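Here is how the chains run, residue by residue.
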Amino acid sequence: MITGVALIIQTVRSYYRKMSSGSFDRYPDMEGHTHFVSKNLTPEIYNKLKDLKTKSGYTIDKCIQGGIDNPNFSVGATGGDEETYTLFGDLMYGIIEGRHVGFKRTDIHKSDMDSSKLIGGDLDPNYVLSSRVRTGRSIRGYSLSPFITRAERRDVQDILLKALSNLEGPLKGKFYSLETMTPQDQQQLIDDHFLFEKPTDTFMTDTGMARDWPDARGIYHNDDKNFLVWINEEDHSRIISMQKGGNIKQVFERFCAGINQVEKLMAEQGGNEFMFNEHIGYVLTCPSNLGTGLRGGVHVKIPKLSEHPKFDEILKNCRLQKRGTGGETTTSTDGTFDISNWDRVGKTEVELVQLVIDGVELLIKMEKRLEKGESIDDILPGPDGACPRPKAPGKALDIKAIHDYKWRATPKASNFPKLHKHHNLLAKVLTEKLYNDLKGKETKSGVTLDDCIQTGVDNLGEAGAEPVGVSAGDEECFSMLSALFDPVIAAAGGKAGSHVSSLDGSKLGSTDLDKDLVGDCQISAGRNIRGFRLSPSIDRAERRNVEKIVSDAAASLDGSLKGKYQSLKNMSDADKNRPIMFQKISCPHLLSAGVRRDWPDARGAFTNDGSDFAVWANEVDHARVVARGQSLSAVFAKFSEGLTKFDAAVKKAGKELMCTDRLGNLGPRLDCLGTSLQASVSVKMPKVCSHAKVKEILAGLQLRKEVGKDGGEVISNKCTLGSTEVDQVKCLVSGVQHLCKIEKALASGKGADDLISQAVSGKV
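Cut-offs and rules
Residues numbered from 1 in each chain as written. Predicted model: local features only at pLDDT ≥ 70, side-chain atom pairs only at ≥ 80, totals over all residues. Heavy atoms only, no water. Helix = DSSP H or I, 4+ residues; strand = E, 2+ residues; numbered from the N terminus. Rg over C-alpha atoms; globule rule 2.2 N^0.38 Å. Buried < 20%, exposed > 50% of the residue type's maximum accessible area, 1.4 Å probe, protein only. Contact = heavy atoms within 4.5 Å. Pairing = 2+ DSSP bridges. Axes fitted to C-alpha atoms, helices over the stretch in contact; angles between N-to-C directions. Salt bridge = Lys/Arg side-chain N within 4 Å of Asp/Glu carboxyl O. Parallel < 35°, antiparallel > 145°, perpendicular 65-115°, else oblique. Left-handed = near helix turned anticlockwise from the far one by under 90°. Nonpolar A, V, L, I, M, F, W, Y, C, P; charged D, E, K, R; others polar. Expected span 1.5 Å × (residues − 1). Phe/Tyr/Trp six-rings, centres within 6.5 Å; stacked < 30°, edge-to-face > 60°.

## A short note on the overall build of the protein
At step 1: On a plain count of helices and strands, the protein comes out with 26 helices and 22 strands.
At step 2: The C-alpha atoms of the protein give 29 Å as radius of gyration, which agrees with the globular expectation for 764 residues (27 Å, within 12%).
At step 3: If one aligns the C-alpha atoms of the protein with their principal axes, the spans along those axes are about 85 × 65 × 60 Å.
At step 4: Counting across all 764 residues of the protein, residues that qualify as buried make up 55%.
At step 5: For the protein, the share of sequence-separated contacts (at least 6 apart) that also reach a separation of at least 24 residues comes to 74%.

Next up, the structure:
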């Protein structure tokens with residue numbers, strides 16, 4: 001049921017999504033989202049901020065992208081640099097006030113790192129297994145992890161390493177680079193529970209924090225292994241003090257000493273300082289970690305209390321939060337929890353650690369009572385917490401700034417990506433000279449070289465199955481970056497020249513395939529509309545306009561092609577799971593390229609009444625025309641009719657398709673130009689698919705193998721540029737026919753060496 005207020009908000013947001021002129025704006029669709037961005041970002045605020053950029057180039061759309069892609073993630077926004085929190089203050093201050101309850105935008109952050117002020121702090125080791133205090137720190141002048149460049153990230157590592165290498169006494173230690181550490185060092189760090197790994201959390205990956213992994217990431221720890229610094233994980237630095245047992249006061253003392261020494265050395269050695277702000281304190285990537293950025297916690301075993309019906313209420317009143325001992329998204333299985341402070345800003349460091357001490361002492365007291373079968377009703381905490389104390393005075397950060405918060409450092413390191421371990425076409429083609437020649441260029445719509453190669457930098461590939469490693473963000477990329485694109489296209493098997501097309505099914509010849517080994521077939525081709533960016537760079541307004549153009553063109557189809565368009569957002573699960581439908585993108589190469597942003601906004605599919613023909617909107621291409629069935633010749637006929645009529649409908653609406661005489665139909669994938677045709681068949685060939693030479697066999701036959709929607713094997717054509725649609729389907733047919741011969745020979749036990757040699761050599 002929609003309330004009156006909710007209906008008004010929904011109506012206003014709907015208006016902003018579609019203007020009266022028929023064009024669409026970029027305001028995000030956040031229906032059903034629960035994060036703080038959805039609660040604070042009104043259309044008015046968005047329109048005020050949408051065209052602003054920080055000095056480093058960070059935008060409000062980049063700031064909120066993680067929240068748009070992760071509807072239920074707590075905060076939903078990330079800082080891209082220090083200026084994010086001021087330039088986009090109309091949004092960020094609302095988020096901060098909502099996340100840090102009681103901290104107003106007019107408040108001043110207080111700090112107190114005097115560990116002598118703590119009361120207690122040596123917790124019962126029979127219950128507390130370990131204690132930890134950590135925080136993050138960011139270096140002024142450099143972008144934060146969602147927007148940092150490779151050169152900046154390398155500079156950050158160099159600055160921190162220079163300071164850390166000069167620590168003395170109990171803080172003296174060693175740095176381990178994630179790029180170069182030995183297998184022995186890696187195993188030791190795993191055994192010590194020190195190693196952080198490449199993030200798989202969707203919020204981290206969708207915001208760009210995992211880009212270029214593991215470039216300029218590493219771990220420093222002291223000789224006693226109780227003081228650590230993570231470099232370039234979520235924040236520039238994550239400073240951690242930890243030890244076994246319950247003496248969290250001792251942990252805090254070491255924590256304060258370490259931070260103070262690192263900060264002092266940074267200033268002395270290079271005039272560097274941490275990002276700080278008198279209002280929000282120390283500036284970090286996530287608004288949930290501002291202020292102190294401090295998380296003080298213990299691993300405590302409280303199985304009885306954790307089963308108590310008021311356990312969550314107890315933690316809430318104590319201003320504590322719980323996690324499993326395996327990290328933020330884990331749960332406890334044996335009653336052992338990671339208990340830590342909920343607040344970060346609005347209280348001093350001493351106050352936050354004291355909250356943990358008082359709260360955990362109360363939790364242990366309750367656990368002991370429950371072990372004896374006694375009631376805890378008389379010691380349940382109220383809203384004032386476990387042990388109400390006078391508010392600590394603290395003081396505002398009085399650090400004398402070396403630089404203004406808008407100051408930008410000039411990186412000393414190179415921005416050229418490290419590709420020596422990669423197995424993709426990007427690594428084969430991109431030299432440092434070529435990178436330097438192209439890095440300063442930008443298309444009219446704002447696409448850069450680094451945008452196009454990010455997918456190749458993030459995905460190493462594997463020998464014998466080399467992905468492209470480059471994506472196109474708009475049509476202009478093909479000319480502006482031709483010095484890179486052309487050799488990559490050629491290496492992918494594309495034959496640039498005069499684009500040719502033929503949809504004459506009578507030229508196919510026999511398409512008979514062994515029905516015992518080959519199942520359904522599907523033929524599709526991508527189309528992209530001139531004037532709009534391609535999926536890696538397209539914005540929400542463009543994508544919504546594209547959806548309208550594609551769905552209108554599809555709606556004009558008649559006869560056996562007649563059907564209806566359904567938005568992915570409103571589609572039933574049954575309809576989403578039809579064989580003719582596409583699935584939510586999970587391919588790491590496409591994810592790194594940014595193709596899945598804003599899912600499922602402005603995605604959908606037109607399907608005919610027979611469910612054997614479809615037009616997909618905004619999957620990877622602007623449109624993909626698809627036909628499916630059991631007879632390859634019949635599927636090709638349906639596909640050809642539908643593609644011809646769809647292309648004509650788009651042109652009749654006054655739109656042009658991205659197509660050139662030299663490269664044919666253009667799209668984001670450089671290995672899918674020309675006809676852009678993908679003809680595929682599902683197969684049951686366990687012998688072939690598990691054969692040691694399957695990669696060589698498929699390469700020789702100009703085919704590729706993928707996993708289908710049902711988990712089975714799918715074989716498709718590899719090359720799309722330099723030959724016609726008919727030629728490409730014929731290549732699939734002849735190749736699959738040969739695979740059938742190999743499968744039967746292997747299954748009979750007679751051997752298939754000659755057939756395999758023919759396939760590998762391409763002489764079929």
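From this point, the discussion proceeds with the structure in view.
## Considerations on the sheet that holds strand β14 (residues 563-567)
At step 1: Spatially, β14-β15-β16-β17-β13-β20-β22-β21 is the arrangement adopted by the 8 strands of the open sheet, whose pairing is antiparallel. One side of each edge strand has no neighbouring strand; the edge strands of this open sheet are β14 and β21 (703-707). Ignoring which end each strand starts from, the neighbouring axes of this sheet average 20° apart.
At step 2: Contacts between helix α22 (residues 632-652) and the sheet are confined to β13 (518-527), β15 (604-608), β16 (613-617), β17 (623-629) and β20 (677-683), with β13 contributing the most and set at about 15° to the helix.
At step 3: Sitting on the sheet, helix α25 (residues 725-748) touches β13, β20, β21 and β22 (713-717), and the angle it makes with β20 is about 20°.

## Re unusual backbone geometry
At step 1: Omega for the bond connecting Trp-213 with Pro-214 falls within 30 degrees of zero, at 5°, which places this linkage in the cis form.
At step 2: With an omega of 5°, the peptide bond running from Trp-599 to Pro-600 counts as cis.
At step 3: If you trace the backbone, Pro-600 turns up in the loop between α21 (588-593) and β15.
At step 4: Its identity is not glycine, yet His-193 carries a phi of approximately 60°, on the positive side.
At step 5: In this structure, His-193 sits in the loop between α8 (183-191) and α9 (202-206).
At step 6: Positioned with a positive phi, Asp-212 is a non-glycine residue whose angle comes to about 65°.
At step 7: Its location among the elements puts Asp-212 in the loop between α9 and β4 (218-222).
At step 8: Taking relative accessible area as the criterion, Asp-212 reaches 3% and is therefore assigned buried.

## Comments concerning the pattern of salt bridges
A pair can form between side chains of opposite charge whenever their charged atoms are brought close.
At step 1: Counted under the stated rule, the structure contains 52 salt bridges.
At step 2: With a closest N to O distance of 3.1 Å, Lys-569 and Glu-31 form a salt bridge. Of this pair, Lys-569 sits in the loop between β14 and α20 (573-576) while Glu-31 is found in the loop between α1 (4-17) and α2 (36-40), placing the two residues 538 residues apart along the sequence.
At step 3: Residue Lys-117 pairs with Asp-112 through a salt bridge whose shortest N-O separation is 2.9 Å.
At step 4: What makes Asp-112 buried here is its relative accessible area of 8%.

## Some points on the packing of α25 against helix α26 (residues 753-761)
At step 1: Their axes nearest at 9 Å, the elements α25 and α26 cross at an angle of 150°. As far as their axial angle goes, α26 and α25 are roughly antiparallel. By crossing handedness, the relation of α25 to α26 is classed as left-handed. Here α25 contributes His-738, Lys-741, Ile-742 and Ala-745 to the contact with α26, which in turn contributes Leu-755, Ile-756, Gln-758 and Ala-759.
At step 2: Grouping the amino acids of the contact of α25 with α26 by side-chain chemistry returns 5 nonpolar, 2 polar and 1 charged.

## Topic: helix α7 (residues 150-164)
At step 1: For α7, spanning 15 residues, the distance from its first C-alpha to its last is 21 Å, which sits close to the expected 21 Å at 1.5 Å a residue.
At step 2: Counting buried positions along α7 yields 12 of 15 residues, so the element is predominantly enclosed.
At step 3: Taken as a whole, α7 has its buried residues at Arg-150, Ala-151, Glu-152, Arg-153, Arg-154, Asp-155, Val-156, Gln-157, Ile-159, Leu-160, Ala-163 and Leu-164.

## Notes on the packing of aromatic side chains
At step 1: This model, assessed by the stated rule, comprises 12 aromatic pairs.
At step 2: Summarising the aromatic geometry, the rings of Phe-196 and Trp-213 are spaced 5.9 Å apart at their centres and angled 85° between planes, so their arrangement reads as edge-to-face. Separated by 17 residues along the polypeptide, Phe-196 in the loop between α8 and α9 and Trp-213 in the loop between α9 and β4 bring together distant segments of the chain. Each member of the pair, Phe-196 as well as Trp-213, is classed as buried.
At step 3: With centroids separated by 5.0 Å and ring planes inclined at 45°, the aromatic side chains of Phe-196 and Trp-230 adopt a geometry described as tilted. One end of the pair, Phe-196, is in the loop between α8 and α9; the other, Trp-230, is in strand β5 (residues 227-231), with 34 residues separating them in the sequence.

## Considering the packing of helix α19 (residues 540-555) against α22
At step 1: Put simply, α19 and α22 touch, their axes get as near as 9 Å, and they point 120° apart. As the angle between them shows, α19 and α22 are arranged oblique. The hand of the α19/α22 crossing is right-handed. The segment α19 lies against α22, with Val-550, Ala-553 and Ala-554 engaging Phe-646, Ala-649 and Val-650.
At step 2: Tallied by class, residues from the contact of α19 with α22 come to 6 nonpolar, no polar and no charged.

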